[in-house]
Amino acid sequence: MLDRKSPLLFVVGTQLRRLRKSKKFSLERLSGIADMSVSALSELERGKRNITLETIEKYCEAMDYDPMLFLWQIGNTHQDPKTLAMLNSFRRLAQPDKEVIHFLIKRLVNTASNDTND
């Protein structure tokens with residue numbers, strides 16, 4: 001059974017709320033775009049409802065925000081200033097540019113993992 005006071009749900013919910021507010025979306029506006037009820041969104045943001053990766057994707061995409069970046073940020077909330085500056089620059093890129101960077105990073109990771117397996 002899911003503990004409704006899960007620290008992870010609280011962290012994810014808090015980050016969802018920060019994202020929504022930074023994009024200046026009301027719960028009502030997001031509800032209409034994401035096709036989710038206001039009460040469900042509110043429960044997600046308060047860490048009172050379990051969340052799936054599909055829901056995170058839906059939530060982020062409704063606000064034109066990269067869900068992979070959102071998940072990365074959750075795991076890297078205490079980064080050094082240079083990393084945060086780079087992340088802020090990435091946020092401002094157009095989607096096609098983000099996709100190119102994602103492709104390059106995946107390629108680098110694959111190359112690095114192949115090098116360590118040799």
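Residues numbered from 1 in each chain as written. Predicted model: local features only at pLDDT ≥ 70, side-chain atom pairs only at ≥ 80, totals over all residues. Heavy atoms only, no water.

Asks: Tell me about helix α5 (residues 67-75), residues and numbers included.
Replies: Of all the residues in α5, the buried ones are P67, L69, F70, Q73 and I74. Taken down its axis, α5 places every buried residue within 160° of arc, on the same side. The outward face of α5, more than 90 degrees from its buried face, is lined by the exposed residues M68 and G75. Looking at where α5 begins, the residue whose side-chain oxygen comes 2.9 Å from the main-chain nitrogen of M68 is D66. (Buried < 20%, exposed > 50% of the residue type's maximum accessible area, 1.4 Å probe, protein only. Helix = DSSP H or I, 4+ residues; strand = E, 2+ residues; numbered from the N terminus. Arc of directions from axis to C-beta. Polar contact = N/O pair within 3.5 Å; in protein donor to acceptor, adjacent residues only side chain to side chain.)

Asks: Tell me about the nonpolar core, residues and numbers included.
Replies: Residues V12, L16, L19, L30, I51, Y59 and F70 are the most contacted members of the largest nonpolar core, which totals 23 residues. Counting only elements with at least two residues in this core, the list comes to α1 (7-22), α2 (27-34), α3 (38-45), α4 (53-62), α5 and α6 (81-91). Apart from the residues within four sequence positions on either side, L19 is in contact with Y59, C60, M63, Y65 and F70. (Core = buried A, V, L, I, M, F, W, Y, C linked by side-chain atoms within 4.5 Å. Contact = heavy atoms within 4.5 Å.)

Asks: Please provide a residue-by-residue account of the environment of A62, values included.
Replies: For A62, the position within the fold is in helix α4. Using a relative accessible area of 15% as the deciding quantity, one classes A62 as buried. Separated by 32 residues in sequence, A62 and L30 place their C-alpha atoms 7.0 Å apart. Apart from the residues lying within four places of it in its own chain, the contact partners of A62 are F25, L30, I33 and A34.

Asks: So what's going on with empty space enclosed by the protein? Which residues, and what values?
Replies: Summed over the entire model, instances satisfying the criterion amount to one cavity of 30 Å³ or more. If you add up the space inside the largest cavity, you get close to 30 Å³. Taken together, L9, V12, G13, L16, L44, G47, R49 and I51 make up the lining of the largest cavity. The greatest single-element share of the lining of the largest cavity, amounting to four residues, is contributed by α1. (1 Å grid on protein atoms, 1.4 Å probe; cavity = no way out; pocket = protein on both sides within 12 Å on 5 of 7 lines; lining within 4 Å. Points joined across faces, edges and corners; volume = space filled by probe spheres on them.)

So, to be careful, I would describe these as geometric facts and stop short of saying anything about function.
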